[in-house]
Amino acid sequence: MNQITTLSGKKTSILGLGANPKMDLQCIFQAYQGGINYFFFYDSNSTHLLNECAKLAANYRQEIIIATGSEHRNIQDLESYRRNFCQLLNIEIIDIFFLQYIYHQDNIVEIEKLLYHLHQWKKQGLIRYVGISSHDRDLAVKFLNSGKIDVLMHRYNMAHRQAEKQVFPTAISNQIPVISFTATRWSSLLKGHNNWQFNIPKAVDCYRFVLQNSAINLTLTSPKTLEELKENLELFNNLKMKEDEYNLWKKYGDLIYGNGTDSFETQWL
């Protein structure tokens, strides 16, 4: 499996910090201190967190991975976003740039053209890895086999496990690392179920579960408070999961699956 690395060559941490508008800004530095070296920004709106990450990058740019992306579907808007993002963080290169939320209604020919432009950025030293994010398993497999992406970001958790059947084996065969998100299924896995008589998983259990799959390079966490971050960092001390615990969480995920409030939660998974 190809590895995502920092500019200095260190492997990415197995837990990455996904910026959350409600996140305590101190989480940025404390995450780094706690062992996280991957920082993902869905957009450029969380200026308080971007400012903190800029401070971190000023001192530790070689040691951290900064990732972002956009749902824009034209190169002019993507270029504008890239330039603005770099200015906000005072950096010259973005480690990973994702075309975000590729789905079945996209014009795939146009997506491939955009990926070509991203690879031109890569050649110019503006980004280091080209990625896509998608909830759509069929499209994920298509792009994993295309030779056009370096990284895939894909939804995976106790309840949403269908990616195990085709997406992850395809990623492994193509040596493409996968970054998982929604490990807690938008926190619904932390709320329990009326028909579940055992312990309810904590967020760190959700991250541990996801990381048992060898295709997953890292999973994202998005705590709001320092206390939540501290709890999630326990992952580094307790990653392994015994088979009986793993199977228990699979049963729990099966129970939770399909309880979503709309088809977006279940139509692909």
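Scroll up for the structure.
Figured I'd write up the structure that's included with this text.

Cut-offs used in this document
Residues numbered from 1 in each chain as written. Predicted model: local features only at pLDDT ≥ 70, side-chain atom pairs only at ≥ 80, totals over all residues. Heavy atoms only, no water. Helix = DSSP H or I, 4+ residues; strand = E, 2+ residues; numbered from the N terminus. Rg over C-alpha atoms; globule rule 2.2 N^0.38 Å. Buried < 20%, exposed > 50% of the residue type's maximum accessible area, 1.4 Å probe, protein only. Contact = heavy atoms within 4.5 Å. Areas by Shrake-Rupley, 256 points an atom, 1.4 Å probe, with all protein chains shown as cover. Disulfide = S-S within 2.5 Å. Patch = residues over 30% accessible without salt bridge, like charges linked within 9 Å, V, L, I, M, F, W, Y side chains within 5 Å. Salt bridge = Lys/Arg side-chain N within 4 Å of Asp/Glu carboxyl O. Lys, Arg positive; Asp, Glu negative; His and termini not counted. Charge placed at Lys NZ, Arg CZ, Asp CG, Glu CD. Pairing = 2+ DSSP bridges. Axes fitted to C-alpha atoms, helices over the stretch in contact; angles between N-to-C directions. Core = buried A, V, L, I, M, F, W, Y, C linked by side-chain atoms within 4.5 Å.

1. Description of the overall build of the protein
Line of reasoning, step 1. Per the secondary structure count, the protein includes 9 helices and 8 strands.
Line of reasoning, step 2. The C-alpha radius of gyration of the protein comes to 18 Å, within 12% of the 18 Å expected for a compact globule of 269 residues.
Line of reasoning, step 3. Across its three principal directions, the C-alpha atoms of the protein cover 55 × 40 × 35 Å.
Line of reasoning, step 4. Counting the 269 residues in the protein, one finds 53% classified as buried.
Line of reasoning, step 5. Restricting to contacts in the protein with at least 6 residues of sequence separation, those with at least 24 account for 76%.
Line of reasoning, step 6. A total of about 12,600 Å² of accessible surface is found on the protein, and carbon and sulfur atoms cover 45% of it.

2. Here we look at the state of the cysteines
Line of reasoning, step 1. For the structure on display, the rule yields 0 disulfides.
Line of reasoning, step 2. Summary of cysteine pairing: C53 is not part of a disulfide, and the nearest cysteine sulfur, belonging to C86, is at 12 Å.
Line of reasoning, step 3. Residue classification places C53 among the buried residues on the basis of a relative accessible area of 0%.
Line of reasoning, step 4. Looking at C206, it has no disulfide partner, and the nearest cysteine sulfur is the one in C27, 18 Å off.

3. Focus on the side chain of T182
Line of reasoning, step 1. By the element assignment, T182 lies in the loop between β7 (178-181) and α7 (203-211).
Line of reasoning, step 2. Here T182 falls in the buried class, since its relative accessible area comes to 13%.
Line of reasoning, step 3. Discounting chain neighbours no more than four positions away, the residues touching T182 are R155, Y156 and N157.

4. Observations regarding a negative patch on the surface
Line of reasoning, step 1. Taken together, the side chains of E227, E228, E231 and E234 present a region of like negative charge at the surface.
Line of reasoning, step 2. Along the chain, E231 turns up in helix α8 (residues 226-232).

5. Here we look at the environment of Y103
Line of reasoning, step 1. Structurally, the position occupied by Y103 is in the loop between β4 (94-99) and α4 (108-123).
Line of reasoning, step 2. The spacing of Y103 and R137 is 34 residues in sequence and 9.3 Å in space, taken between C-alpha atoms.

6. Here we look at the sheet that holds strand β5 (residues 127-134)
Line of reasoning, step 1. Overall, parallel pairing links the 8 strands, which are arranged β1-β2-β3-β4-β5-β6-β7-β8 in a closed barrel. Taken over all neighbouring pairs, the strand axes of this sheet differ in orientation by 30 degrees on average, direction set aside.

7. A short note on unusual backbone geometry
Line of reasoning, step 1. The backbone of Q175 shows a phi angle near 60 degrees, a positive value even though the residue is not glycine.
Line of reasoning, step 2. Here Q175 lies in the loop between α6 (167-173) and β7.
Line of reasoning, step 3. Taking the relative accessible area as the measure of exposure, Q175 reaches 32% and is therefore partly exposed.
Line of reasoning, step 4. Unusually for a residue other than glycine, R185 sits at a positive phi of about 50 degrees.
Line of reasoning, step 5. Within the secondary structure, R185 is located in the loop between β7 and α7.
Line of reasoning, step 6. Relative accessible area serves as the criterion here: at 2%, R185 is assigned to the buried category.

8. Some points on the nonpolar core
Line of reasoning, step 1. Ranked by internal contacts, the top residues of the largest apolar core, which has 74 residues, are F39, F85, L99 and F143.
Line of reasoning, step 2. Among residues more than four places away in sequence, those in contact with L99 are S70, H72, L78, I111, L114, L115, L118, G131, I132 and S133.
Line of reasoning, step 3. In terms of nonpolar packing, the next biggest core, distinct from the first, is built from 14 residues, I65, F98, M153 and F181 among them.

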